[in-house]
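Single-letter residue listing:
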Amino acid sequence: MKAKILLLEDDLTLSETVVEFLEEQGYEVIPAYDGEQASEIIYESVFDLFLLDVNVPLLNGFELLKQKREEGVKTPAIYITSLNSIDSLETGYNSGCDDYIRKPFVLKELLFRIETILKRGFFHETSPRIEIAEDIEYDTDSNLLFVRGEKVQLNSKEATLLKLFLQHQNETVIHEVIYETLWSYEETPSENALRTYIKNIRKIIGKDKIVSIKKLGYRFSK
């Protein structure tokens, strides 16, 4: 499945150049041209990476990412900016970014930074164990679920689904993304099977953790 990238850039020429380049590399890129538009797009979809210009209209890149981090969104982010002071760099990292690239930049350098970040899988986690609820943890190294220290067996699709939710906490994961993640091209996605997987996971981690978003998908909240 293609990695999906949100590009916030109000320079139309640069935006088109970056979109075209990254699509040629096999990425799906959704452009936004101001901070409020980007915020709405983020709310409605799941991304693997944010590329954020800082000086954009309505809501700048620093404020947008800080807001999303406070909402619990952990999607990695790279700032694209002409700002070059140490103070700007500090502000960027304090707002929750993973990397920082200054304009003008070489497209291949941007690609290298994107690929490096996307290899990590989980972001902003200082420990390999993610606490889901009291006495329930997910181990990001082994991709295993533990309840009161004991390993809990999930089938392969349930484990993949839980990992997807944990990588996109507090984001709406739409049905299409879930289907693409859980089923290969040779398989036929099943809505009934998905409901069963959700039900089984809820039995372990609690019903309130996975919220159904009507006609859209699901949202995992800690």
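Residues numbered from 1 in each chain as written. Predicted model: local features only at pLDDT ≥ 70, side-chain atom pairs only at ≥ 80, totals over all residues. Heavy atoms only, no water.

### Things to note about the sheet that holds strand β11 (residues 210–213)
Then, in step 1: Pairing is antiparallel in the open sheet, where three strands are placed in the order β10-β12-β11. One side of each edge strand has no neighbouring strand; the edge strands of this open sheet are β10 (172–174) and β11. Across this sheet, the average inter-strand angle for adjacent strands is 30 degrees, counted without regard to direction.
Then, in step 2: When β10 meets strand β12 (residues 217–220), the two strands line up antiparallel, connected through three bridges. Among the inter-strand pairings, valine 173 is bridged to a residue of β12, identified as tyrosine 218.
Then, in step 3: Against the sheet, helix α8 (residues 191–205) engages β11 and β12, with an angle of about 145 degrees to β11. (Pairing = 2+ DSSP bridges. Helix = DSSP H or I, 4+ residues; strand = E, 2+ residues; numbered from the N terminus. Axes fitted to C-alpha atoms, helices over the stretch in contact; angles between N-to-C directions. Contact = heavy atoms within 4.5 Å.)

### Observations regarding helix α2 (residues 35–44)
Then, in step 1: Among all positions in α2, only Gly35, Ala38, Ser39, Ile41 and Ile42 are buried. Down the axis, α2 shows its buried residues gathered within 165 degrees of arc, on one side only. Facing away from the buried surface of α2 by more than 90 degrees, the exposed residues are Glu40, Tyr43 and Glu44.
Then, in step 2: Residues of α2 that are buried make contact with β1 (4–8), β2 (28–32), β3 (49–53) and α3 (61–70). (Buried < 20%, exposed > 50% of the residue type's maximum accessible area, 1.4 Å probe, protein only. Arc of directions from axis to C-beta.)

### Re the sheet that holds strand β9 (residues 150–152)
Then, in step 1: Strand order in the open sheet made by the four strands is β6-β7-β8-β9, with antiparallel pairing throughout. Each of the sheet's edge strands pairs with one partner strand only, and the pair in question is β6 (129–133) and β9. Taken over all neighbouring pairs, the strand axes of this sheet differ in orientation by 35 degrees on average, direction set aside.
Then, in step 2: Contacting β6, β7 (136–139) and β8 (144–147), helix α6 (residues 156–167) runs over the sheet at an angle of about 95 degrees to β7.
Then, in step 3: Of the strands in this sheet, β6, β7, β8 and β9 touch α8, which is tilted by about 40 degrees from β8.

### Re the pairing of β12
Then, in step 1: In the sheet, β11 pairs with β12 via four bridges, with the strands oriented antiparallel. If you follow serine 212 over to β12, its bridge partner there is tyrosine 218.
Then, in step 2: Connecting the antiparallel pair β11 and β12 is a turn made up of three residues, with lysine 215 showing a positive phi of about 65 degrees.

### What about the pattern of salt bridges?
Then, in step 1: By the definition in use, this model includes eight salt bridges.
Then, in step 2: Between lysine 103 and glutamate 9 there is a salt bridge, with the nearest N and O atoms lying 3.1 Å from each other. Within this pair, whereas lysine 103 is found in the loop between β5 (99–102) and α5 (107–118), its partner glutamate 9 is found in the loop between β1 and α1 (12–24), the two being separated by 94 residues in sequence.
Then, in step 3: Overall, the relative accessible area of 26% leaves lysine 103 in the partly exposed class.
Then, in step 4: Judged by relative accessible area, glutamate 9 falls into the buried class, the value being 1%.
Then, in step 5: Its salt-bridge partner being glutamate 191, residue arginine 195 comes within 2.7 Å of it at the nearest N-O pair. Taken together, the positions of arginine 195 and glutamate 191, both in helix α8 and four residues apart, correspond to about one turn of that helix.
Then, in step 6: The class for glutamate 191 is partly exposed, based on a relative accessible area of 45%.
Then, in step 7: Members of the salt-bridge network, linked through shared partners, are Glu9, Asp53 and Lys103. (Salt bridge = Lys/Arg side-chain N within 4 Å of Asp/Glu carboxyl O.)

### Looking at the environment of threonine 81
Then, in step 1: Positionally, threonine 81 belongs in strand β4 (residues 77–81).
Then, in step 2: Along the sequence, threonine 81 and asparagine 55 sit 26 residues apart, while their C-alpha atoms lie 7.4 Å from each other.
Then, in step 3: When neighbours within four sequence positions are excluded, threonine 81 is seen to be in contact with Asp53, Val54, Tyr100, Ile101, Arg102 and Lys103.

### Description of the packing of aromatic side chains
Then, in step 1: Taken as a whole and judged by the stated rule, the model has four aromatic pairs.
Then, in step 2: A ring pair is formed by phenylalanine 62 and tyrosine 79, whose centres lie 5.0 Å apart and whose planes are at 85 degrees; its orientation type is edge-to-face. Residue phenylalanine 62 is found in helix α3, and its partner tyrosine 79 is found in strand β4; the two are separated by 17 residues along the sequence.
Then, in step 3: In this structure tyrosine 79 comes out as buried when scored by relative accessible area, which is 0%.
Then, in step 4: Members of the aromatic cluster, joined through ring pairs, are Tyr179, Trp183 and Tyr197. (Phe/Tyr/Trp six-rings, centres within 6.5 Å; stacked < 30°, edge-to-face > 60°.)

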